[in-house]
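The residues making up each chain are set out below.
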Amino acid sequence: VQLVESGGGLVQPGGSLRLSCAASGFTFSYYIMRWYRQAPGKGRDMVARITSTGDITEYGDSVKGRFTVSRDNAKNTVYLQMNSLKPEDTAVYYCNVVFGGRDYWGQGTQVTVSS
């Protein structure tokens, strides 16, 4: 299993970014995918979750209405569109899959929201 995140960077408050996570090593279309984030000195929190077919999504309270998770099963990729970004969204963002009863993580992508 391999997960590779991309798309992070420095953005001003109110700006937008789209993160991508390219997956391989498992049948992507069968699995729920999740995005997490970890701010400095804090634990890793779930940001968004999407079912295998993409028909159901869930979000953390702090990002509801601002972030949108989606997936393209033909490309084995999950996305996180982040709008109206705030300084408190600054964190390393990770995608996650539970495969064979084990959590797999990507290397993460840094998102920094600052003026």
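Note that this is a predicted model, so its numbers are computed, not measured.

**Student:** Just checking my understanding: could you explain the environment of N96 for this structure?
**Tutor:** Looking at the secondary structure, you find N96 in strand β9 (residues 91–99). Taking the relative accessible area as the measure of exposure, N96 reaches 0% and is therefore buried. Between the alpha carbons of N96 and T57 there is a distance of 15 Å; along the sequence they are 39 residues apart. Beyond its immediate stretch of four places on either side in the chain, N96 contacts L3, I32, M33, R34, Y36, D103, Y104 and W105. At a separation of 2.9 Å, a polar atom in the side chain of N96 contacts the side chain of D103. Of the polar contacts made by the side chain of N96, one reaches the backbone oxygen of Y104; its length is 3.3 Å.

**Student:** Even after reading the chapter, I still don't get the pattern of salt bridges, so can you show me in this structure?
**Tutor:** Side-chain pairing between opposite charges can occur once the charged atoms of the two side chains come close. The final tally for this structure, using the stated rule, is 4 salt bridges. Residue K64 pairs with D61 through a salt bridge whose shortest N-O separation is 3.1 Å. The pair K64 / D61 is uniform in exposure class, with both members exposed. Linking R66 and D89 is a salt bridge whose minimum nitrogen-to-oxygen distance equals 2.7 Å. Taken together, the positions of R66 in the loop between β6 (57–59) and β7 (67–72) and D89 in the loop between β8 (77–82) and β9 put the pair 23 residues apart, joining distant regions of the chain. Salt bridges here are not isolated pairs; linked through shared partners, they connect R37, R66 and D89.

Criteria and thresholds
- Residues numbered from 1 in each chain as written.
- Predicted model: local features only at pLDDT ≥ 70, side-chain atom pairs only at ≥ 80, totals over all residues.
- Heavy atoms only, no water.
- Helix = DSSP H or I, 4+ residues; strand = E, 2+ residues; numbered from the N terminus.
- Buried < 20%, exposed > 50% of the residue type's maximum accessible area, 1.4 Å probe, protein only.
- Contact = heavy atoms within 4.5 Å.
- Polar contact = N/O pair within 3.5 Å; in protein donor to acceptor, adjacent residues only side chain to side chain.
- Salt bridge = Lys/Arg side-chain N within 4 Å of Asp/Glu carboxyl O.

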